[in-house]
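Notes for the structure review
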Amino acid sequence: MRRSAKALVAACTTALLAACTNLGPDYEEPDVAWLADWQTDLYGQALTTAPDKEQDLSFWWKAFNDPVLNELIEIARKENQTLRIAGLSILESKALLGIATGARYPQVQQANGSWTRVDRWPTEGDDSGDRSGLNTYDVGFDVGWEADFWGRYRRGIESADAAFFASITNQQDAQVLLAAQVADAYYAYRTTARQIEIARENADLQLRSLDITTKLFNSGQSAELDVQQARTQYLATLSTIPDLEIALQ
């Protein structure tokens, strides 16, 4: 009988120890061969803020020394709703990580206590004046938790931890994309505005050339073909300005 009991205890212990192992294989990051070649030295420098650098590449747009662009990007980073959502996602994933981590600790922690006192007063006809009392104390503390069989909680923590760092990376990606979009739109605006200025300057020069060619034709010093070519070039330049103004708007 004792041997059977010992064998049963040994079997249960072995089963419990086996159950404490993590379920499933450990996560291994996939090997992407081209990624090491794609990460150039300049990309790596953007992730560091060494004090000996002349320019912090995490704020690359400041290299243009354009205060208007700096202000626009600063406003966009403060007011962009998508970036705010990405920031809130970091807080959410951090809270979920805390919940997953807390599951490994006792889920029930309860303290209780009580005190009871019974007083005995002298009854009628008892002239002794004695007063007696009885005190009863009771204190308790309960702790309960679910054992992490098969590594369920440990895997949950790993998953929540990965999600937390992924949310940080997503927020950083959103910042990079937002700054790039603002810079692209800003310089597209500046470029289009300059194209309009150049087109108007060219139109003024071509109009002057048309006047000169017309006067030469009227005086018999130029052919009519020269006048038509000058007029065609002038009108062609004028026709490009409305499209540029629409693009600017």
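Whatever comes next refers back to the structure up there.
Worth saying up front: this structure is predicted, and the values here are computed from it rather than measured. (Residues numbered from 1 in each chain as written. Predicted model: local features only at pLDDT ≥ 70, side-chain atom pairs only at ≥ 80, totals over all residues. Heavy atoms only, no water.)

1. Focus: the overall build of the protein chain
Check the secondary structure of the protein chain and you find seven helices and two strands. Counted from the first residue to the last, the protein chain has its helices and strands arranged as α-α-α-α-α-β-β-α-α. Classification of the 249 residues of the protein chain by burial places 17% in the buried group. Working note: accessible area of the protein chain is about 19,400 Å², and carbon and sulfur atoms make up 58% of it. (Helix = DSSP H or I, 4+ residues; strand = E, 2+ residues; numbered from the N terminus. Buried < 20%, exposed > 50% of the residue type's maximum accessible area, 1.4 Å probe, protein only. Areas by Shrake-Rupley, 256 points an atom, 1.4 Å probe, with all protein chains shown as cover.)

2. Considerations on the nonpolar core
Trp61, Leu69, Ile73, Ala76, Leu83, Ala174, Leu178, Ala179, Val182, Ala183 and Tyr186 together form the largest nonpolar core, which totals eleven residues. Elements with a contribution of two residues or more to this core: α4 (67-79) and α6 (152-218). Here the element with the most residues in this core is α6; it accounts for six residues. (Core = buried A, V, L, I, M, F, W, Y, C linked by side-chain atoms within 4.5 Å.)

3. Here's the deal with the pattern of salt bridges
Following the criterion strictly, the structure yields five salt bridges and no others. The partner of Arg194 in a salt bridge is Glu197, and the shortest N-O contact between them spans 2.8 Å. On the criterion of helical spacing, the pair formed by Arg194 and Glu197 is a turn pair, its members being three residues apart in helix α6. Note on Arg194: relative accessible area 40%, which makes it partly exposed. Between Glu201 and Arg194 there is a salt bridge whose closest N-O contact spans 4.0 Å. One continuous salt-bridge network, built from bridges that share partners, spans Arg194, Glu197 and Glu201. (Salt bridge = Lys/Arg side-chain N within 4 Å of Asp/Glu carboxyl O.)

4. A word on the environment of Val139
Mapped onto the elements of the fold, Val139 is located in strand β2 (residues 132-144). It is 5.9 Å that separates the C-alpha atoms of Val139 and Asn112, two residues lying 27 residues apart in sequence. Setting aside residues up to four positions removed in sequence, Val139 forms contacts with Asn112 and Gly113. (Contact = heavy atoms within 4.5 Å.)

5. Thoughts on the side chain of Thr237
Its location among the elements puts Thr237 in helix α7 (residues 224-248). In terms of polar contacts, Thr237 uses its side chain to reach the backbone carbonyl oxygen of Gln233, at 3.1 Å. Here Thr237 is in contact with Ala199, Asn202, Ala203 and Gln206, once residues within four sequence places are set aside. (Polar contact = N/O pair within 3.5 Å; in protein donor to acceptor, adjacent residues only side chain to side chain.)

6. A short note on the packing of aromatic side chains
In this structure the tally under the stated criterion is five aromatic pairs. Geometrically, the ring pair formed by Phe59 and Trp61 is edge-to-face, given 5.6 Å between the ring centres and 75° between the ring planes. Judged by relative accessible area, Phe59 falls into the partly exposed class, the value being 30%. Taken together, Phe59, Trp60 and Trp61 form an aromatic cluster joined through their ring pairs. In this arrangement the basic side chain of Lys62 is found over the ring face of Phe59, its NZ or CZ atom lying 5.0 Å from the centre. (Phe/Tyr/Trp six-rings, centres within 6.5 Å; stacked < 30°, edge-to-face > 60°. Lys NZ or Arg CZ within 6 Å of the ring centre and 35° of its normal.)

7. A look at helix α5 (residues 81-102)
Across its 22 residues, α5 extends 32 Å between first and last C-alpha, which sits within 8% of the 32 Å expected from 1.5 Å per residue. Looking at α5, one finds that the buried residues are Leu83, Ala86, Ile90, Ser93, Leu97 and Ala100. Around the axis of α5, the buried residues are gathered within 95° of arc, so they sit on the same side. Those residues of α5 that are exposed and aimed more than 90 degrees away from the buried face are Ile85, Leu88, Leu91 and Ile99. At the N-terminal end of α5, a side-chain oxygen is found 3.1 Å from the backbone nitrogen of Thr82, two or three residues along, and the residue is Asn80. (Expected span 1.5 Å × (residues − 1). Arc of directions from axis to C-beta.)

8. As for unusual backbone geometry
Despite not being glycine, Asn65 has its phi angle at roughly 55°, a positive value. With respect to the helices, strands and loops of the structure, Asn65 is situated in the loop between α3 (41-46) and α4. For Asn65, a relative accessible area of 66% corresponds to the exposed category.

9. Some words on α7
Taking 1.5 Å as the rise per residue, α7 with 25 residues should run 36 Å; its terminal C-alpha atoms sit 37 Å apart, in good agreement. Within α7 the residues assigned to the buried category are Val227, Ala230, Tyr234, Thr237, Ile241 and Leu244.

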